[in-house]
Amino acid sequence: PNKQRTLKAFALYEGSYSVDNSKTFIPFDPAIHNPKDRPASLFIYVQPFLVETGNDLILMDTGLGFQNEQGELIIHENIRKAGYDPADVSLVLMSHLHFDHAGGMINHADNKLSLSFPNAEYVIQRGEWETAYSKPSKSYKTEIFDFVQRSGSVHFIEGSGQFNREIAFELTGGHCEYHQVFLIREDEETIFFGADILPEPEQLLRKFVAKYDFDGRKSMELRQEYVKRAAEEDRKCLFYHAKSRAIAKVAFENEAFRIV
């Protein structure tokens with residue numbers, strides 16, 4: 001008989017950072033540092049996710065690619081803490097290619113570069129890749145993408161569609177022109193990764209247009225739409241920039257959302 005499998009999801013917390021117009025990420029701990037020391041900075045939390053399905057070990061975005069004091073990638077350390085081996089990651093699903101999501105695609109250690117996930121296909125929206133090269137921005141570090149492309153590990157997708165039986169992708173735009181989100185379905189369960197369209201649960205509780213988005217109004221509308229669908233379909237949401245509760249479900253009651 002077919003045993004019901006449960007999708008397993010783990011948050012791989014990489015830390016909290018302040019970032020300003022230079023797009024440099026500086027470690028920031030609210031318990032120690034004073035936000036006033038970093039004027040005009042955004043304060044963000046970064047956590048990629050590991051999802052195990054019956055067929056794949058999937059990484060959702062790759063974080064900043066920062067290393068711990070032993071010189072090991074923090075994301076590798078966190079994958080091991082979750083009970084897995086980074087070499088077993090078979091798919092890396094990239095929502096977009098801004099540095100806080102794509103820095104960990106490669107590992108820079110001992111003055112040499114290597115793929116952080118050598119046995120994985122890196123699944124990337126083609127328009128996002130082309131934008132990174134055609135519209136220079138401090139948010140994109142194309143030297144990372146050069147190396148990944150040379151390795152032959154890139155799998156380009158276009159628009160919205162079904163990647164395989166379990167994984168669907170939807171081109172959203174909004175945060176950047178070719179941002180995409182992912183849905184992973186297995187048996188009766190669905191995981192939704194909204195990346196920077198649905199980056200933290202607190203954003204569900206108020207409507208706002210973010211200045212850092214390519215199209216802030218569209219992002220706001222998409223956020224409302226996806227969270228409504230998440231509540232209706234009992235989806236588990238992965239919040240990449242969450243301060244706490246990085247993995248949660250949402251409910252819609254009395255015209256308001258709440259985090260479950």
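Preceding this section is the structure that the text describes.
Residues numbered from 1 in each chain as written. Predicted model: local features only at pLDDT ≥ 70, side-chain atom pairs only at ≥ 80, totals over all residues. Heavy atoms only, no water.

**Here we look at the packing of aromatic side chains**
So, point 1. In total, this model carries 13 aromatic pairs according to the counting rule given.
So, point 2. Their ring planes at 45° and their centres at 5.7 Å tell us that W129 and F145 sit as a pair that is tilted. With W129 in helix α3 (residues 126–134) and F145 in helix α4 (residues 142–150), this residue pair connects regions lying 16 residues apart in the sequence.
So, point 3. The rings of W129, Y133, F145 and F156 are connected pair by pair, giving a single aromatic cluster.
So, point 4. Over the ring of F99 we find K141, and its NZ or CZ is 4.9 Å from the ring centre. (Phe/Tyr/Trp six-rings, centres within 6.5 Å; stacked < 30°, edge-to-face > 60°. Helix = DSSP H or I, 4+ residues; strand = E, 2+ residues; numbered from the N terminus. Lys NZ or Arg CZ within 6 Å of the ring centre and 35° of its normal.)

**Here's the deal with the pattern of salt bridges**
So, point 1. As enumerated under the stated definition, the model contains 12 salt bridges in all.
So, point 2. For K81, the salt bridge is made with E77, and the minimal N-O distance between the two is 3.4 Å. Highlighted residues: K81 and E77, both in helix α1 (residues 74–81), separated by 4 residues, approximately one helical turn.
So, point 3. The class for E77 is partly exposed, based on a relative accessible area of 23%. (Salt bridge = Lys/Arg side-chain N within 4 Å of Asp/Glu carboxyl O. Buried < 20%, exposed > 50% of the residue type's maximum accessible area, 1.4 Å probe, protein only.)

**Brief notes about the pairing of strand β19 (residues 256–259)**
So, point 1. Burial of the side chains of β19 is restricted to one face: F257 and I259 are buried, whereas none of A256 and R258 on the reverse face is.
So, point 2. For strand β18 (residues 250–253) and β19, the ladder comprises 4 bridges, and the chain directions are antiparallel. Directly across from A251, in β19, lies its bridge partner R258.
So, point 3. Turn length for the β18-β19 hairpin, with the two strands adjacent in sequence and antiparallel, is 2 residues, and the turn residue N254 shows positive phi of about 50°. (Pairing = 2+ DSSP bridges.)

**Considering the sheet that holds strand β15 (residues 189–193)**
Sheets are built from strands that pair by backbone hydrogen bonding, the pairs being arranged parallel or antiparallel.
So, point 1. A sheet is described by the order of its strands in space; here 6 strands give the open sequence β12-β13-β14-β15-β16-β17, paired in mixed fashion. In this open sheet, the two strands that pair with only one neighbour each are β12 (161–162) and β17 (247–248).
So, point 2. Two elements, β15 and strand β16 (residues 236–238), share 3 bridges in a ladder whose sense is parallel. Along β16, the bridge assignment pairs F192 with C237.

**Remarks on α1**
So, point 1. Here α1 has its buried residues at I74, I75, H76, N78 and I79.
So, point 2. Close packing links the buried residues of α1 with β5 (49–52) and β6 (57–60).
So, point 3. Of the residues flanking the end of α1, it is G83, one or two places downstream, whose phi is positive at about 100°. (Contact = heavy atoms within 4.5 Å.)

**A closer look at unusual backbone geometry**
So, point 1. Phi is positive for D187, which is not a glycine, with a value near 50°.
So, point 2. Mapped onto the elements, D187 comes out in the loop between β14 (180–186) and β15.

**Quick look at the environment of M220**
So, point 1. Relative to the assigned elements, M220 resides in helix α5 (residues 216–232).
So, point 2. Classification of M220 by relative accessible area gives buried; the value is 13%.
So, point 3. Considered as a pair, M220 and Q203 are 17 residues apart in the sequence and their alpha carbons are 9.3 Å apart.
So, point 4. Those residues in contact with M220 that sit more than four places away from it in its chain are K207, F208 and V209.

**Overview of the sheet that holds β5**
So, point 1. Sheet architecture is open: 6 strands sit in the order β1-β5-β6-β7-β10-β11, paired in mixed fashion. This sheet does not close on itself; its edge strands, each paired only once, are β1 (8–11) and β11 (154–157). Taking the axes of each pair of neighbouring strands and ignoring which way they run, one obtains an average angle of 25° across the sheet.
So, point 2. In terms of strand pairing, β1 meets β5 through 4 bridges, oriented antiparallel. Along β5, the bridge assignment pairs A9 with V51. (Axes fitted to C-alpha atoms, helices over the stretch in contact; angles between N-to-C directions.)

**What to know about α4**
So, point 1. Of all the positions in α4, only I144, F145, F147 and V148 are classed as buried. All buried residues of α4 project into a common sector of 160° when viewed along the axis, lining one side.
So, point 2. The elements touched by buried residues of α4 are α2 (99–102), β8 (106–109), β9 (112–115), β10 (121–125), α3 and β11.
So, point 3. Looking one or two residues beyond α4, the residue adopting positive phi is G152, at roughly 75°. (Arc of directions from axis to C-beta.)

Remember that the coordinates give geometry; whether it matters functionally is a separate question.
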